[in-house]
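Chain by chain, the residues:
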Amino acid sequence: MGTTARLPAIDMLRGLVIALMALDHTRDFFGFAPFHPEDLSATTPAWFWTRWFTHLCATAFVLLAGCSAFLRGEKNGVRDLSRYLATRGAMLIALEATWVSFSWQFGYGVIIFQVIWALGMSMIVLAGLVWLPRPAIALFAALLIVGHNAFDGWRPGGLLAQALHQGGFYPVARGFGILFVYPLLPWPGLMAAGYALGPIFNVDAARRRRLLLLASGALMLTFIALRLGNLYGDPDPWSAQGRGFMFDLMSFVRVHKYPPSLQYLCVTGSIVLALLAGFERVRKVGVLLVFGRSPLFFYLLHIALIHLLAGVYLLLRYGSLPDVVNNSTQMPAGYTPSLALVYIAWLGILVLMYGLTLLCLRWRRKRNSASA
């Protein structure tokens, strides 16, 4: 999740989506609701959009990781890059299976494979792809991103199918298993697309902004065209809701994330590229740079921190913690989900994480100075 050649626009965009990611996870623990925020029969616009904008996070992380890989390869060569991607990817998968899974549960009843696993496996795939010509890498990216929705109706079950495209819980032993929240496909294709996009950072800034905005516009037009006719690229068609423009719009953009559909990647990728172009024009935003330059530290710490603080809050407010009964979460008596509380807690989490990340960066600078 890091980059060797530090570009402020990449770091600031990464910092923004990390902050949005923390909002989504704060909602998980501080705003547990009896409905899914994207369930149009039960949600409200505020709950829906709070969830929807966090969809940018995974797309940005994986795409930017591919761009950063290209920049590292430009500096250190393909051999170093391939070795780095393979070892970094393996480390991320190990962290996901151990510390990150524990952080979600404060226990170890299941291994939860989410975005860090997808990043790690995509890095391992890219470690092999970087030896190929860049047009071949771009073709691989296009085939995975465009083609994987052809398998939406194929659900054979089993470890391989669930890990690659189907998702879900795979039992390993009594009371223990693996939960594939993020099936792998098409994430390696998106990282490969980021790698193929990498040379854009070698052109002058003005031309780069124009190219990014053109690509953003093309992706958005593709999304609108596919979505309007429910043609291809998402298993969940949109429909008029009969409840006004807002709910029709919510239905239109309610695209499939697990696994990410072609339409999901088009709309979120369009916004990510537009934001990247926008950050090329703004002055450095300190807090976003701090978060964006230590993304792995932020990720590894923030889930456990949010989980812990939410537990303290529920104990102080309601006198008990949530309980799981028949695979269903039961909240303490009297609990009512509050989106206002979610946003207040989120801001507090960001302040805490900003201070902790500054300490991490300071320690890193001292370590590098001592070893220089």
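Just so we're clear, the structure is a prediction, and the values are computed from it rather than from any experiment.

**Overview of helix H2 (residues 45–52)**
Next, step 1: The buried fraction of H2 amounts to six of the eight residues, a majority that puts the element mostly inside the structure.
Next, step 2: All of the buried residues in H2 are Trp47, Phe48, Trp49, Thr50, Arg51 and Trp52.

**Digging into a nonpolar patch on the surface**
Next, step 1: On the surface, a cluster of nonpolar side chains totalling about 690 Å² of accessible area is made up of Trp99, Phe102, Phe106, Tyr108, Leu308, Val312 and Leu316.
Next, step 2: At the level of elements, helix H4 (78–105) and helix H13 (295–318) are the ones that each hand at least two residues to the nonpolar patch.
Next, step 3: At three residues, the largest contribution of residues to the nonpolar patch is made by H13.
Next, step 4: By secondary structure assignment, the location of Trp99 is in helix H4.
Next, step 5: What makes Trp99 partly exposed here is its relative accessible area of 35%.

**Quick notes on the pattern of salt bridges**
Next, step 1: As enumerated under the stated definition, the model contains 10 salt bridges in all.
Next, step 2: Asp11 is the salt-bridge partner of Arg14, the closest N and O atoms lying 3.4 Å from each other. Highlighted residues: Arg14 and Asp11, both in helix H1 (residues 8–30), separated by three residues, approximately one helical turn.
Next, step 3: Relative accessible area serves as the criterion here: at 2%, Arg14 is assigned to the buried category.
Next, step 4: One salt-bridge network, in which partners are shared between bridges, spans Asp24, Arg27, Asp28, Glu38 and Arg51.

**Thoughts on the sheet that holds strand S1 (residues 110–113)**
Backbone hydrogen bonds hold the strands of a sheet together, and the pairing may be parallel or antiparallel.
Next, step 1: Pairing in this open sheet of three strands is mixed, and the strands run S1-S3-S2 from one edge to the other. What marks the edges here is a single partner per strand, and that holds for S1 and strand S2 (168–173). Neighbour-to-neighbour, the strand axes of the sheet open up by a mean angle of 20°, direction not taken into account.
Next, step 2: Here S2 pairs with strand S3 (residues 176–180) via five bridges, running antiparallel. Paired with Gly168 across the two strands is Phe180, which belongs to S3.

**Examining the state of the cysteines**
Next, step 1: The tally for this structure, following the rule as stated, stands at zero disulfides.
Next, step 2: Cysteine Cys266 shares no disulfide, and the gap to the nearest cysteine sulfur, in Cys67, comes to 16 Å.
Next, step 3: Of the residues examined, Cys266 reaches a relative accessible area of 5% and is grouped as buried.

**Overview of the confidence of the model for the chain**
Next, step 1: In this model, the chain carries an average pLDDT of 93, and 97% of its residues clear a pLDDT of 70 or more.
Next, step 2: This stretch, residues 1–5, has a pLDDT under 50; its non-local contacts, to residues over four places away or in other chains, come to 19 contacts.

**Here's the deal with the packing of H1 against helix H11 (residues 262–279)**
Next, step 1: For the pair H1 and H11, interaxial distance at closest approach is 8 Å and the crossing angle is 130°. Relative to H11, the element H1 lies oblique. Relative to H11, the crossing made by H1 is right-handed. Listed contacts from H11 to Ala9, Ile10, Met12, Leu13 and Leu16 of H1 are Val272, Leu275, Leu276 and Phe279.
Next, step 2: Within the contact of H1 with H11, the residues separate by chemical class into nine nonpolar, no polar and no charged.

**Notes on the side chain of Ser216**
Next, step 1: Position of Ser216 relative to the elements: it lies in helix H9 (residues 205–228).
Next, step 2: Residues contacting Ser216, with those up to four places away along its chain left out, are Ser270, Leu273 and Ala274.

How each quantity is defined
Residues numbered from 1 in each chain as written. Predicted model: local features only at pLDDT ≥ 70, side-chain atom pairs only at ≥ 80, totals over all residues. Heavy atoms only, no water. Buried < 20%, exposed > 50% of the residue type's maximum accessible area, 1.4 Å probe, protein only. Helix = DSSP H or I, 4+ residues; strand = E, 2+ residues; numbered from the N terminus. Patch = residues over 30% accessible without salt bridge, like charges linked within 9 Å, V, L, I, M, F, W, Y side chains within 5 Å. Areas by Shrake-Rupley, 256 points an atom, 1.4 Å probe, with all protein chains shown as cover. Salt bridge = Lys/Arg side-chain N within 4 Å of Asp/Glu carboxyl O. Pairing = 2+ DSSP bridges. Axes fitted to C-alpha atoms, helices over the stretch in contact; angles between N-to-C directions. Disulfide = S-S within 2.5 Å. pLDDT = per-residue confidence, 0-100. Contact = heavy atoms within 4.5 Å. Parallel < 35°, antiparallel > 145°, perpendicular 65-115°, else oblique. Left-handed = near helix turned anticlockwise from the far one by under 90°. Nonpolar A, V, L, I, M, F, W, Y, C, P; charged D, E, K, R; others polar.

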